[in-house]
Amino acid sequence: MRNEIMGVSFDDLTLEEAVRTGEALAEGPDFSYVVTPNPEIVNMARQAEDYKTILNQAALVLPDGIGVVYAARILGRPLKGRVPGIDFASGLLDRLKGTQRRLFLLGAKPGVAEQAAENLKQRYPGLVICGTHDGYFQDAGPVVEAIRAAEADVVFVCLGAPKQERWMARYGPQTGARLMVGLGGVLDVYAGNVKRAPEVWQKAGMEWLYRLLHQPSRFGRMAKLPLFLVEAARESRKKGSA
Ligand code: UDP
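Procedures and definitions
- Residues numbered from 1 in each chain as written.
- Predicted model: local features only at pLDDT ≥ 70, side-chain atom pairs only at ≥ 80, totals over all residues.
- Heavy atoms only, no water.
- Pairing = 2+ DSSP bridges.
- Helix = DSSP H or I, 4+ residues; strand = E, 2+ residues; numbered from the N terminus.
- Contact = heavy atoms within 4.5 Å.
- Axes fitted to C-alpha atoms, helices over the stretch in contact; angles between N-to-C directions.
- Core = buried A, V, L, I, M, F, W, Y, C linked by side-chain atoms within 4.5 Å.
- Buried < 20%, exposed > 50% of the residue type's maximum accessible area, 1.4 Å probe, protein only.
- Near = heavy atom within 4 Å.
- Polar contact = N/O pair within 3.5 Å; in protein donor to acceptor, adjacent residues only side chain to side chain.
- Areas by Shrake-Rupley, 256 points an atom, 1.4 Å probe, with all protein chains shown as cover.
- Salt bridge = Lys/Arg side-chain N within 4 Å of Asp/Glu carboxyl O.

A.B. asks: Account for the sheet that holds strand β3 (residues 32-35), naming residues and giving values.
C.D. replies: A sheet is described by the order of its strands in space; here 6 strands give the open sequence β4-β3-β8-β7-β5-β6, paired in parallel fashion. This sheet does not close on itself; its edge strands, each paired only once, are β4 (60-61) and β6 (128-133). Relative to strand β8 (residues 179-182), strand β7 (residues 154-158) is paired through 4 bridges, and the arrangement is parallel. From the neighbouring strand, Val154 faces β8, where its bridge partner is Leu179. Against the sheet, helix α7 (residues 140-149) engages β5 (102-107), β6, β7 and β8, with an angle of about 160° to β5.

A.B. asks: Pulling in residues and values, what's your account of the nonpolar core?
C.D. replies: Judged by nonpolar contacts, the single largest core of 39 residues is most densely connected at Phe10, Phe104, Leu106, Ile147, Val155, Trp167 and Met180. Ranked by residue count, the leading element in this core is α7, at 4 residues. In contact with Ile147, other than residues within four places in its own chain, are Phe104, Leu106, Ala152, Val155, Trp167, Thr175 and Met180. Core analysis: the second largest hydrophobic core is formed by 36 residues, Ile86, Leu92, Tyr124 and Cys158 among them.

A.B. asks: Could you give an account of the site of the ligand, naming the residues involved and the relevant values?
C.D. replies: As a structural note, the neighbourhood of the ligand is formed by 15 residues, with Ala108, Gly135, Tyr136, Lys163 and Asp188 the closest of them. Within the contact set of the ligand, an oxygen atom lies 2.8 Å away from a backbone nitrogen or oxygen of Ala108. Tyr136 has a polar side-chain atom sitting 2.8 Å from an oxygen atom of the ligand. When the ligand sits alone it has 550 Å² of accessible area, and the protein chains cover 78% of it.

A.B. asks: So what's going on with the pairing of strand β1 (residues 2-5)? Which residues, and what values?
C.D. replies: Within a regular strand, the side chains alternate between the two sheet faces. Residues Asn3 and Ile5 of β1 are buried on one face, while the alternating residues Arg2 and Glu4, pointing to the opposite face, are not. In this sheet, strand β2 (residues 8-11) lies alongside β1 in antiparallel orientation, the contact comprising 4 bridges. Residue Asn3 lies in a different strand from β2, and its bridge partner there is Phe10.

A.B. asks: A description of unusual backbone geometry should follow, citing residues and the corresponding values.
C.D. replies: Residue Pro162 is reached from Ala161 by a cis peptide bond, and omega for that bond is 5°. Tracing the chain through its elements places Pro162 in the loop between β7 and α8 (163-171). A positive phi angle, near 50°, is found at Met6, a position not held by glycine. For Met6, the position within the fold is in the loop between β1 and β2. Although it is not a glycine, Glu151 adopts a positive phi angle of roughly 55°. Position of Glu151 among the secondary structure elements: in the loop between α7 and β7.

A.B. asks: An account of the pattern of salt bridges is needed here, citing residue identities and associated values.
C.D. replies: This structure, assessed with the given rule, holds 19 salt bridges. The residue Lys80 makes a salt bridge to Glu17 at a minimum N-O spacing of 3.1 Å. With Lys80 in the loop between α4 (66-74) and α5 (85-96) and Glu17 in helix α1 (residues 15-27), the pair connects residues that are 63 residues apart, well separated along the chain. The exposure class of Glu17 is partly exposed, given its relative accessible area of 25%. Overlapping salt bridges, with partners in common, bring together Glu16, Arg20, Glu23 and Arg95 in one network.

Purely geometric numbers; function is a separate question.
So, in structure tokens, the structure goes:
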């Protein structure tokens, strides 16, 4: 079941349910991709119809930000909760580690994906990481070829939005991979370059504030979030009076 929030249809799943579905997709016969929109991404989709279509055509659309969960509540279509991309990724890694499934890490600055791979191999013994590539390339061709040559089953695509979603939808099917997941800055976290908020902040729904305090350059992007909720309230009133 999907809940439509400002034009993007989100899967209403718990983290556990989402991970189980992701695992099944990684085993499936066809290519599929997962997106993890936060309010910023939903806003981008409201301005670009083709991008919105790419999001809505994903096999799984997971609410990464607390802002999406609040908007869902305001719109009267509440979601079970937030499913942060990084928690989904970590849940998936936990399932993959006991299998022969092959993971490829794509994105971030040169060296970051390699460092993330090192750290993940330690944290998830038995995990097969079949290749890495940085996210600052000009031509897609060699990257598609690298993923194909590595015989990757699952690819974490961390190119930032909207690039990563567009990339997965356009090039994913050519790579031979079964599942791609668009995960923003997650490789920086796995590499140890960016710290995640402590759990109390996460549980309180304040992870965004923690990130803002540690990366003040994000202020411009985040200043738009309250507006997102105002828009949700406006849409809700409009629907209520229709
Ligand atoms: N990035 C990339 N290629 C690009 C632009 C960005 O690989 O052309 C990477 C960037 O280095 C970072 C990630 O994409 O690792 C985006 O991080 P951001 O914090 O913006 O994403 P968020 O987690 O907020 O979605």
